[in-house]
Number of protein chains: 2
Amino acid sequence: MSKTVVMSGGVGAAKFLRGLSKIHPPDSITAIINVADDFRLHGLAISPDIDTVTYTLAEQVNPETGWGQKGETWRVMSELERYKGQTWFSLGDLDLALHLYRTQRLAEGSTLAEVTKEVSAAWEIEVNLLPVTNHPVRTRLTVEGEGDIDFQDYFVARQHDVAINAVRFDGASDAIPAPGVLEAINEASHIVIAPSNPIVSIGPLLAIPGILEALVQNKERVVAVSPIIGGLALKGPADRMLSELGHEPSALGVASLYQPFSSALLIDTADKHLSTKISNLGIKAVVANTVMSDISKAAQVALSAINATNPPLTGA
Amino acid sequence: MSKTVVMSGGVGAAKFLRGLSKIHPPDSITAIINVADDFRLHGLAISPDIDTVTYTLAEQVNPETGWGQKGETWRVMSELERYKGQTWFSLGDLDLALHLYRTQRLAEGSTLAEVTKEVSAAWEIEVNLLPVTNHPVRTRLTVEGEGDIDFQDYFVARQHDVAINAVRFDGASDAIPAPGVLEAINEASHIVIAPSNPIVSIGPLLAIPGILEALVQNKERVVAVSPIIGGLALKGPADRMLSELGHEPSALGVASLYQPFSSALLIDTADKHLSTKISNLGIKAVVANTVMSDISKAAQVALSAINATNPPLTGA
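A few points on the structure. As the structure is a prediction and not an experimental result, all values here were calculated from the model.

1. Remarks on the interface of chain B and chain A
Counting from both sides, the interface comprises 27 residues of chain B and, opposite them, 27 residues of chain A. For the side of chain B that touches chain A, the secondary-structure elements that each account for two or more residues are β4 (44-46), α3 (75-80), α4 (93-107) and α5 (112-122) of chain B. Considering each element in turn, the side of chain B that touches chain A owes the most residues, ten residues, to α4 of chain B. When its residues are assigned to classes, the side of chain B that touches chain A shows 15 nonpolar, seven polar and five charged.

What follows is the structure in structure tokens.
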């Protein structure tokens, strides 16, 4: 059976995975998921990207937000306001149950990968969800004229409304890929860089020793999907971050970042005019609709991505 | 203003404090509360006795159980069952908010006493609530033929349905009383040992270096309220524990335990026949109704306790 690996951040990757699982057997797909947004709050171990992928593949994600569960309630957060507690990161009641579970299992000595598998099984998810590493890796951003802050401080508390001039991934150089991560990359017939933030979702995956090397070795089977369309990120600050860190805030900038380890880049029809420039960077530009506004469109994007790599998928 | 200290466990002490606060200015009362039932679950810092006292004085306690909030819901616990998480210790949604708050504040470096004061202020509680210590103290019980288990494993998971033959309080000998605890005892005109479990609620208070000594020094102002009526505990396993640990499971057994540091013991009218035996132990037996089935009866019990000590309260 041909196997596919998806290098994943949160919402964009989750939509892509959901689409891909409609055209590929779910159990032939492995998602290697970013953990550098993970953090502790209220003593709880929170893994936003893993959870977004989980809820999305469980067909349980809140369609309004792209994260959290549908039918979510906020009774705990509401009561937390009584104590003037930290409510800036909203944790729904249903979502909290998952954080309680993960925190307890980690305290008992389980790895993040083991807990992720247990949670995934509880939701009867067939896609293989793998945190990129079991080690703590934490994104830190340098805010101009201020200093370093944590990712969730940047992303949620400040709504990414500050300019940054550096990003680093604390702990990455000491981390090792979770069991099965490198094997999945090496065995895959197709490796997709999901339409996630290149800097803070894909970046930390590449920062774990061994991952970038594995992608480079399998470059002819790696295709990336540009998260930037017409110079804008559909969600989040990827466009501004690229610009602030000195990259072109466009599919061309993405191509430049991904060229060392990707043979093809899926770009939106809106960016067709960039095709030649992208190809001149040594990465094949494949033009398709890339907006995943519903599941059938997400499946179409997944199909376009899979077909962009060499060898093309047979028997799908 | 005359000040009163109440050495407190959970439900029984909470009822007593609520009654006492109807006959004394609440801000003249200090509750020194057991922390040896505290534990971590799901990564959260849980302090059952402090919370029971808090909710009770906030007039918010669930009247059916004597602990937890009224109007409580169980959405998080219900979802936790999806993951086969640890639901043996039921944490309501409202209650969870308090645990999240405390855990976060402790992680930020606050002491348990500071957090307790913040929570108490949020509920506009005027009684001064003091954990006996900011240090971790943990009750461990030796189960016959099995070994040592944690308090909540004994009390909740096993519903105290196993025989024990020893109790110890890990960490107690290295703990120091929280700021204000010894001062409150030394300044009080009345010190009440609440009708709490002598072994696992009052016992751990006495195990903190300095507490027993302070009570002994102020013995003439210390009155205890027997939690055993007619040989039975109104709530919990106090009667059986006394028996299993070699004490008389009666007000007489309580008198024997408390005689070294109490000058009077309030016993129920049902135990009037024990008065002489108790007095022969060198502790004055005062007979009164001690069942706190409603707030006016709790106030009456509090009044009886206060009047049992010497000097009697003036101007109350």
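Read on, since the account is not over.
2. A word on the environment of Ile 229 of chain A
Residues and elements named next belong to chain A. Mapped onto the fold, Ile 229 is located in strand β11 (residues 228-229). Classification of Ile 229 by C-beta neighbours within 10 Å gives buried; the count is 20. A C-alpha to C-alpha distance of 22 Å links Ile 229 and Asn 34, two positions 195 residues apart in sequence. Other than its neighbours up to four places away in sequence, Ile 229 contacts Leu 234, Asp 268, Ala 270, Asp 271, Thr 290 and Val 291.

3. Here's the deal with the nonpolar core
One finds Leu 265 of chain A together with Leu 265 of chain B to be the most contacted residues of the largest nonpolar core, which totals 210 residues. The two domains that each donate at least three residues to this core are domain 1 (4-60 + 111-135 + 175-239 + 248-308) and domain 2 (138-170) of chain A. Setting aside anything within four residues of it in sequence, one finds Leu 265 of chain B in contact with Ala 224, Ser 226, Ala 251, Val 254, Ala 255, Tyr 258, Ile 278, Ile 283, Ala 285 and Val 286 of chain B.

4. Focus: the relation of the copies chain B and chain A
For the pair chain B and chain A, the best superposition has an RMSD of 0.0 Å and corresponds to a rotation of 180° with a translation of 0.0 Å parallel to the axis. The two molecules are tied by a two-fold rotation axis, judged by turn and shift. Among all residues of chain B, the one whose C-alpha sits closest to the rotation axis is Gly 43 of chain B, at a distance of 2.8 Å. With an isologous cut-off of 70% or more, the 100% of interface residues of chain B that recur at the interface of chain A puts this contact in the isologous class.

5. As for the environment of Leu 215 of chain A
Inspection of the secondary structure puts Leu 215 of chain A in helix α9 (residues 211-217). Classification of Leu 215 of chain A by C-beta neighbours within 10 Å gives buried; the count is 22.

Here is what the cut-offs are and how they apply
Residues numbered from 1 in each chain as written. Chains lettered and ligands numbered in written order. Predicted model: local features only at pLDDT ≥ 70, side-chain atom pairs only at ≥ 80, totals over all residues. Contact = placed C-beta atoms within 7 Å. Helix = DSSP H or I, 4+ residues; strand = E, 2+ residues; numbered from the N terminus. Nonpolar A, V, L, I, M, F, W, Y, C, P; charged D, E, K, R; others polar. Buried ≥ 20, exposed ≤ 12 C-beta atoms within 10 Å, placed from the backbone. Core = buried A, V, L, I, M, F, W, Y, C linked by C-beta atoms within 7 Å. Domains from an automatic or database assignment. Least-squares fit on C-alpha atoms with pLDDT ≥ 70 in both.

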